[in-house]
Amino acid sequence: MKSIKVFCLALAVSFTLGATLAGCGDKAATAGNTAEKSKTEAAAETKAADTKKEEERKPEKVTFVTQANDQMTETEKQFRAAYDADFDIVALPASELLPKIQLDAMSGTNDYDIYSTGQGAIQFGLSGIADELPKLDDWEDIFPGLRANYQFGDKIYGWPVQADTCLLFYRTDLLEKAGYKEPPKTWDEYREMAIKMTTDVNGKHPGDNGFNANKIEIYGSNYKGGNFDSNTWEFYNYMLANGGKTHDIDFENKTYKITINEKPAVDTLTWVVDNYRKYNIYPKGAINSDWAEFHTMFVEGKVALAVNYAYMFDMAVADNSKVKDKFSVGLLPKGTVKNGAGMGGWVISLAKGSKHKEDALRFMKFVASSKGSTIYSDTQGAMVPRQSDFQKKIDAAEGPMKLKLQQCLANLQNAESIDLTKLGASYDASVKIMNATINTALTGKVSPQEAMDSAKKQLEELLEKDKFLK
Amino acid sequence: MKSKSVRNTLSIQKSNSIFGFLTTLPAMLVLITLFIYPLLFSLYVSFTDYNMAAVLGKRAINFVGLQNYKNVLTDSAFWNSMRVTLFITVIAICVEFILALALAVNTSRIKKGRSYFIAIFLITIMMAPIVVALLFRFILNDELGLLNLVLRKVGLISADIGWLSDERLAKLSVIIVDTWQATSSVFLLLYTAIIAIPGDIFESADVDGAGRWRVLINIIIPSIKNVIMYSMVIRFMDLFRIFDSIFLLTNGGPGNATESMALLIFRTGWTQMDMSKASATSYLMMLVMAFGMILINRIGSYEKNSNQSGG
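Engineer: Let's hear about the overall build of chain A: which residues, and what values?
Structural biologist: Along the backbone of chain A there are 17 helices and 15 strands. A sequence separation of at least 24 residues applies to 72% of the contacts in chain A between residues at least 6 apart. Of the roughly 20,500 Å² of accessible surface on chain A, a fraction of 52% belongs to carbon and sulfur atoms.

Engineer: Talk me through the overall build of chain B; I want residue IDs and the actual numbers.
Structural biologist: Across its full length, chain B holds 15 helices and zero strands. The globule rule puts the C-alpha radius of gyration for 311 residues at 19 Å, and the 25 Å found for chain B is more than 25% above it. If one aligns the C-alpha atoms of chain B with their principal axes, the spans along those axes are about 85 × 75 × 40 Å. Here chain B, with 311 residues, has 40% of them falling under the buried criterion. For chain B, the share of sequence-separated contacts (at least 6 apart) that also reach a separation of at least 24 residues comes to 65%.

Engineer: If you had to explain the state of the cysteines to someone new, which residues and values would you point to?
Structural biologist: Under the defined criterion, the tally for this structure stands at zero disulfides over all chains. Sulfur of Cys408(A): no disulfide; nearest cysteine sulfur belongs to Cys166(A) and is 9.9 Å away.

Engineer: Any chance you could break down the packing of helix α4 (residues 76-109) of chain B against helix α12 (residues 225-240) of chain B for me, citing the residues and the numbers?
Structural biologist: Residues and elements named next belong to chain B. Remark: α4 packs on α12, axes separated minimally by 9 Å, with the N-to-C direction vectors making an angle of 145 degrees. Once α4 is placed against α12, the crossing between them reads as right-handed. Every residue of α12 that contacts α4 at Met82, Thr85, Leu86, Thr89, Ala92, Ile93, Glu96 and Phe97 is listed here: Ile228, Ser231, Met232, Arg235, Phe236, Leu239 and Phe240. A breakdown of the residues in the contact of α4 with α12 according to their chemical character gives ten nonpolar, three polar and two charged.

Engineer: Explain the interface of chain B and chain A to me, and be specific about the residues and the numbers.
Structural biologist: In this assembly, 43 residues from chain B lie in contact with 42 residues from chain A. Across the chain B to chain A interface the summed buried area is about 3,600 Å²; carbon plus sulfur atoms make up 62%. Counting the surface chain B buries against chain A, the share from its top three residues, Arg137(B), Glu143(B) and Leu144(B), is 16%. Taken together, chain B and chain A are joined by three salt bridges. Between Lys465(A) and Asp274(B) there is a salt bridge; the shortest N-O distance is 2.9 Å. In this structure, the connection of chain B to chain A is made through ten residue pairs in polar contact (both at pLDDT 80 or more). Elements represented by at least two residues in the side of chain B that touches chain A include exactly α1 (4-45), α2 (52-55), α7 (129-139), α13 (244-249) and α14 (261-271) of chain B. Among the elements that make up the side of chain B that touches chain A, the one with the highest residue count is α1(B) (eight residues). Here the residues of the side of chain B that touches chain A are counted per class, giving 19 nonpolar, 15 polar and nine charged.

Engineer: Residues and numbers for the pattern of salt bridges, please.
Structural biologist: All names here are of chain A. In total, this model carries 35 salt bridges over all chains according to the counting rule given. The shortest N-O distance in the salt bridge between lysine 338 and glutamate 416 comes to 2.4 Å. With lysine 338 in the loop between β13 (327-330) and β14 (341-350) and glutamate 416 in strand β15 (residues 415-417), this pair connects stretches of sequence that are 78 residues apart. Using a relative accessible area of 29% as the deciding quantity, one classes lysine 338 as partly exposed.

Engineer: Can you lay out the pairing of strand β11 (residues 255-258) of chain A for me, pointing to particular residues and giving the numbers?
Structural biologist: Residues and elements named next belong to chain A. Pairing of strand β10 (residues 247-250) with β11 involves four bridges; the strand directions are antiparallel. When the bridges of β11 are listed, aspartate 248 appears paired with lysine 257. Counted along the chain from β10 to the antiparallel partner β11, the turn is four residues long, and its residue lysine 254 has a positive phi close to 55 degrees.

Engineer: Outline the packing of aromatic side chains, listing residues and values.
Structural biologist: Residue and element names in this part refer to chain A. Inspection of the entire model under this criterion finds 40 aromatic pairs over all chains. Taking 6.3 Å as the distance between ring centres and 20 degrees as the angle between the ring planes, the aromatic pair formed by phenylalanine 169 and phenylalanine 327 counts as stacked. Pair noted here: phenylalanine 169 is in strand β7 (residues 166-171) and phenylalanine 327 is in strand β13, with a separation of 158 residues, a long-range link. A relative accessible area of 0% places phenylalanine 169 in the buried class. Relative accessible area serves as the criterion here: at 11%, phenylalanine 327 is assigned to the buried category. Summarising the aromatic geometry, the rings of tyrosine 190 and tryptophan 271 are spaced 6.1 Å apart at their centres and angled 50 degrees between planes, so their arrangement reads as tilted. Here tyrosine 190, found in helix α7 (residues 187-197), pairs with tryptophan 271, found in helix α9 (residues 263-277); they are 81 residues apart in sequence, far enough to count as distant. These aromatic residues form a ring-pair network of at least three members: Phe64, Phe79, Tyr83, Phe87, Phe363, Phe366 and Tyr376. The lysine or arginine in question, arginine 80, covers the ring of phenylalanine 87, its NZ or CZ lying 4.2 Å from the ring centre.

Engineer: Got a sec to walk through the nonpolar core? Specific residues and values, please.
Structural biologist: One finds Phe363(A) and Phe390(A) to be the most contacted residues of the largest nonpolar core, which totals 137 residues. If one sorts the elements of this core by residue count, helix α16 (residues 427-443) of chain A sits on top with eight residues. The contact partners of Phe390(A), leaving out residues within four places of it in the chain, are Phe143(A), Met383(A), Val384(A), Leu405(A), Cys408(A), Leu409(A) and Leu412(A). Counting 58 residues, the second-largest nonpolar core is a separate cluster that includes Ala92(B), Ala100(B), Leu151(B) and Val215(B).

Engineer: Residues and numbers for a nonpolar patch on the surface, please.
Structural biologist: A grouping of Leu29(B), Leu31(B), Ile32(B), Phe35(B), Ile36(B), Leu39(B) and Leu40(B) is seen on the molecular surface, where their side chains present a nonpolar patch of about 630 Å² in accessible area. Along the polypeptide, Leu40(B) turns up in helix α1.

Engineer: How would you summarise the sheet that holds β13(A) if you had to cite specific residues and measurements?
Structural biologist: Adjacent strands of a sheet form backbone hydrogen bonds with each other and so pair up, either parallel or antiparallel. All names here are of chain A. Read from one edge to the other, the open sheet built from three strands follows the order β12-β7-β13, with strand pairing classed as antiparallel. The open sheet has two edge strands, β12 (305-309) and β13, and neither has a second partner. The average angle at which neighbouring strand axes cross in this sheet is 30 degrees, direction not considered. In the packing of α7 onto the sheet, contacts are made with β7 and β12, and the angle to β12 comes to roughly 125 degrees. Along the sheet face, helix α15 (residues 399-414) touches β7 and β13 and points at about 30 degrees away from the line of β13.

Engineer: Mind laying out the environment of Asp248(A), listing which residues take part and the relevant values?
Structural biologist: Residue and element names in this part refer to chain A. Within the secondary structure, aspartate 248 is located in strand β10. By relative accessible area, which is 34% here, aspartate 248 ends up partly exposed. Once the C-alpha coordinates of aspartate 248 and glycine 285 are considered, the two residues, 37 residues apart in sequence, prove to be 34 Å apart. Non-local contacts of aspartate 248, meaning those with residues more than four positions away in its chain, are made with Thr255, Tyr256, Lys257 and Thr259. Separated by 2.7 Å, the side chains of aspartate 248 and lysine 245 make a polar contact.

Engineer: Requested: an account of the packing of helix α10 (residues 199-207) of chain B against helix α11 (residues 212-223) of chain B, with residues and values cited.
Structural biologist: Any two packed helices are characterised by the angle at which their axes cross and by the distance between the axes. All names here are of chain B. Interhelical geometry of α10 versus α11 gives an angle of 150 degrees and a closest axis separation of 11 Å. Classified by the interaxial angle, the pair formed by α10 and α11 is roughly antiparallel. Handedness of the crossing formed by α10 with α11: right-handed. Two secondary-structure elements touch here, α10 through Ile201, Phe202 and Ala205 and α11 through Val215, Ile219 and Ile220.

Engineer: Go over the side chain of Asn275(A) with me, naming the residues and quoting the values.
Structural biologist: Its location among the elements puts Asn275(A) in helix α9. Setting aside anything within four residues of it in sequence, one finds Asn275(A) in contact with Arg191(A), Asn280(A), Ile281(A) and Tyr282(A).

What counts, and at which threshold
Residues numbered from 1 in each chain as written. Chains lettered and ligands numbered in written order. Predicted model: local features only at pLDDT ≥ 70, side-chain atom pairs only at ≥ 80, totals over all residues. Heavy atoms only, no water. Helix = DSSP H or I, 4+ residues; strand = E, 2+ residues; numbered from the N terminus. Contact = heavy atoms within 4.5 Å. Areas by Shrake-Rupley, 256 points an atom, 1.4 Å probe, with all protein chains shown as cover. Rg over C-alpha atoms; globule rule 2.2 N^0.38 Å. Buried < 20%, exposed > 50% of the residue type's maximum accessible area, 1.4 Å probe, protein only. Disulfide = S-S within 2.5 Å. Axes fitted to C-alpha atoms, helices over the stretch in contact; angles between N-to-C directions. Left-handed = near helix turned anticlockwise from the far one by under 90°. Nonpolar A, V, L, I, M, F, W, Y, C, P; charged D, E, K, R; others polar. Buried area = accessible area lost by both parts, 1.4 Å probe. Salt bridge = Lys/Arg side-chain N within 4 Å of Asp/Glu carboxyl O. Polar contact = N/O pair within 3.5 Å; in protein donor to acceptor, adjacent residues only side chain to side chain. Pairing = 2+ DSSP bridges. Phe/Tyr/Trp six-rings, centres within 6.5 Å; stacked < 30°, edge-to-face > 60°. Lys NZ or Arg CZ within 6 Å of the ring centre and 35° of its normal. Core = buried A, V, L, I, M, F, W, Y, C linked by side-chain atoms within 4.5 Å. Patch = residues over 30% accessible without salt bridge, like charges linked within 9 Å, V, L, I, M, F, W, Y side chains within 5 Å. Parallel < 35°, antiparallel > 145°, perpendicular 65-115°, else oblique.

Now the structure itself:
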């Protein structure tokens, strides 16, 4: 009996300890390896320094963390074929990417050497978890708006690996039916055309006698109005065209002013809210819409005009699309100031706590090079960051793809940085504030001015709390 | 003087107690380290000004007393989230119980093929909450959703219903999604309690001419009251912490119509990196939950006492 008890006790202890260690396994292994590696690295570096002229040091494996998607396997495969050293790619879901990078850096774990994110470069740089980078040799060849996206003053915190911007998508058949020969050139024209193309089950349009806003068959336009990041990204296309911005930063004196509640931004929000509540050109569900609902509505043939990123083009030309051969793409219309567009894209940054900085920079130079960024963009279905590479792609393309690339280039040349990226560590929280602000304004509970006043207050409190620029 | 057999018995009992303690000790230590310590640490954080600036080393962490709690209690977002959470919790509990009880009672009456019905009801428990939320996000979509399509086809509606776009309906949609998934777990508890009721009680009721409704009110419900109370407490705790479905369905929108307390805490702590305020909100939420649980238990005890005293 006693031996059975001892056995059971030993089993309970080992099971509990085993379960605990399994959960901490990676960290423990990493910590153990790190301690060992530090000693080995020091020895290796000493030896390499001694024999540098005689032989080349083999680059150490670096860890590259990025967003998970279906195409990443192909990207990794092509990188491995083209790059002459080993690396690990850690692919995380979009919602976990920024928090996990911050956690890795701030906890001191530093498992990641290179961060690849959409807009996190300046945030990481100002948070002190990403290193400043030198200019690439062909820095001026990269689209200006894209370069600015990852620069704070004259400090560069990321090298772009792909460019992205929005296009104007329009239904050629519906435009013709409504009596238009060309897509809209201004946002006012856009609304006017959208109203004329919004059709209920009886063929009536907003403003017509007997128009039924509850039974609309085709919507003139759409908007990603849900409480999600896509909301703010779309909003910027309109706001930049009206000369609006979130803030003014004086880099020299390290001061800032929040300008989101000034006329250009408020007028832009009023325009969006009126489209939804007054003119009924957006679907009712737009207030909860994210990427998936938005592009599905267009591809299913329920929307006449839309503003979205270039990825939607590939979906719209697919065989199962209901708008194949019935749509085209063009330049985003002009606002009160200019033809604007928000510059999206993808960037790589160097982790400040990287244990293999030299090798990480070597890999980064490859990924950010013309060759590497072309692999990245091609496999991800995105656009190359260099103007010269872009032109080569246009020259080589045919048919619909050529049109897509030509219009992408036109919009990329107007595209500007989303200025929220300049808010450093407060970037993610500031985007969430903007998402909620626009979403709340769409409910009609507050006026656009009230919504933006509230956003200004929240942004000021946030930046004060986070000691922005201090 | 204790006899040898009594001494042996006591010795064995003591040995068993020590053995029981030793075998649970490792698990208790793990629990203390991974649960109690973070709990106490977050309590400490709730009395400081620990936020992003402090994390980045831009300033020291200072003790601020009850300031965070005051900030939370004067924040309209907190009260909004409390209203939203209470609304969803109370309505969902009522709906789930009525449905679960109806299912459990009727399933217990099935003579043949009962296990197939139970298996079907339990499918929803096996689905991850995130998967359910994603599915319902499309089912409930105004223009593209399956629900509106079906309702239009059968002629129940002529215009699409804004399940997720209307502020009032968005809360009901969250309740629908939670009910769809969680009713089966309540059903299981109630069903096993009902089938444990001795059969002769039902036979006596039958002989006395009691109808189904009478049997439900006077026999079934009183017999399984403890299980009802227990499952209400469990569901209250689960619903009060509701997060996954709201995060994916509406992310707290439209406006802040579906922003639950858990979502507010997530935003405050994880997006704004204001750990101290998030911790304070968490503790206030815990107090409300504790109050709710005590209230439910008290109601259950009151009912039991009044029955025993012949009321």
